[in-house]
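Structural description and commentary
Single-letter residue listing:
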Amino acid sequence: MYRLYREQHLNCDIETAWKFFSSPHNLSEITPKSMNFVVLSDIQDESIFEGMEIDYTVSPVLGIPMKWKTIISQVKEGRNFTDFQKEGPYKYWNHLHEFIPDENGVLMKDTVYYELPLGIFGKIAHSLFVKEKLRGIFDFRYKVLNELFNHKHN
């Protein structure tokens, strides 16, 4: 099992952060365009809820589209939520999103536990490209969120 952890400070209040991250449609905005990430589920502006299932297509490797279904396995309104892969490219994927308000805004934490399929071949793929690909996705996310929340536009 692998673990990816990131944190980032956002210059906004907890309500703004929660509204942004609890909308499944905003995920495509903070995912690299090369991933061809598309929300397939017919979700309007509803906020996530425990038990919500969200279908996507994503092209993580060689532009090959894959289906991905997550379930929101737990929600503590305004504090944290977890998306868990029900169907998709990973053997296991569990992503905890935490939001901690402070005097300067919100500290956001991402903790992802994941495992690849295919045993030793999955381990080799992880060391060859999956680990770096995931880092790149979260680096991109950091940059976009920094632009959205931490730069004052005149």
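Residues numbered from 1 in each chain as written. Predicted model: local features only at pLDDT ≥ 70, side-chain atom pairs only at ≥ 80, totals over all residues. Heavy atoms only, no water.

1. Section: the sheet that holds strand 3 (residues 53-58)
So the rule is basically this: A pair of strands counts as paired when DSSP detects no fewer than two bridges linking them. Every helix listed is a DSSP run of H or I at least four residues long, and every strand listed is a run of E at least two residues long, numbered separately from the N terminus. Should any heavy atoms of two residues lie within 4.5 Å, those residues are considered in contact. The convention used is that axes are lines fitted to C-alpha atoms, helices contributing only their stretch in contact, and that angles between N-to-C directions extend from 0 to 180 degrees.
Reading across the sheet, the seven strands line up as 1-7-6-5-4-3-2 and stay open at both edges, with antiparallel pairing between neighbours. The open sheet is flanked by strand 1 (2-10) and strand 2 (38-39), the only strands paired with a single partner. Across eleven bridges, the pairing between strand 6 (residues 92-102) and strand 7 (residues 105-115) is antiparallel. Residue pairing in the sheet places Leu96 in a bridge with Thr111 of strand 7. Lying on the sheet, helix 1 (residues 14-21) is in contact with strand 1, strand 4 (66-76), strand 5 (80-87), strand 6 and strand 7; it crosses strand 6 at an angle near 160°.

2. Some remarks on the environment of Ser47
The line we're drawing: A simple rule labels every residue: compare its accessible area, found with a 1.4 Å probe on the protein chains alone, to the largest value its type can have, and call it buried under 20%, exposed over 50%, or partly exposed in between.
Tracing the chain through its elements places Ser47 in the loop between strand 2 and strand 3. Under the relative-accessibility criterion, Ser47 is labelled partly exposed at 31%. Between the C-alpha atoms of Ser47 and Trp18, which are 29 residues apart in sequence, the distance is 9.2 Å. Sequence-distant contacts of Ser47, that is, excluding residues within four places in its chain, are made with Trp18, Ser22 and Met52.

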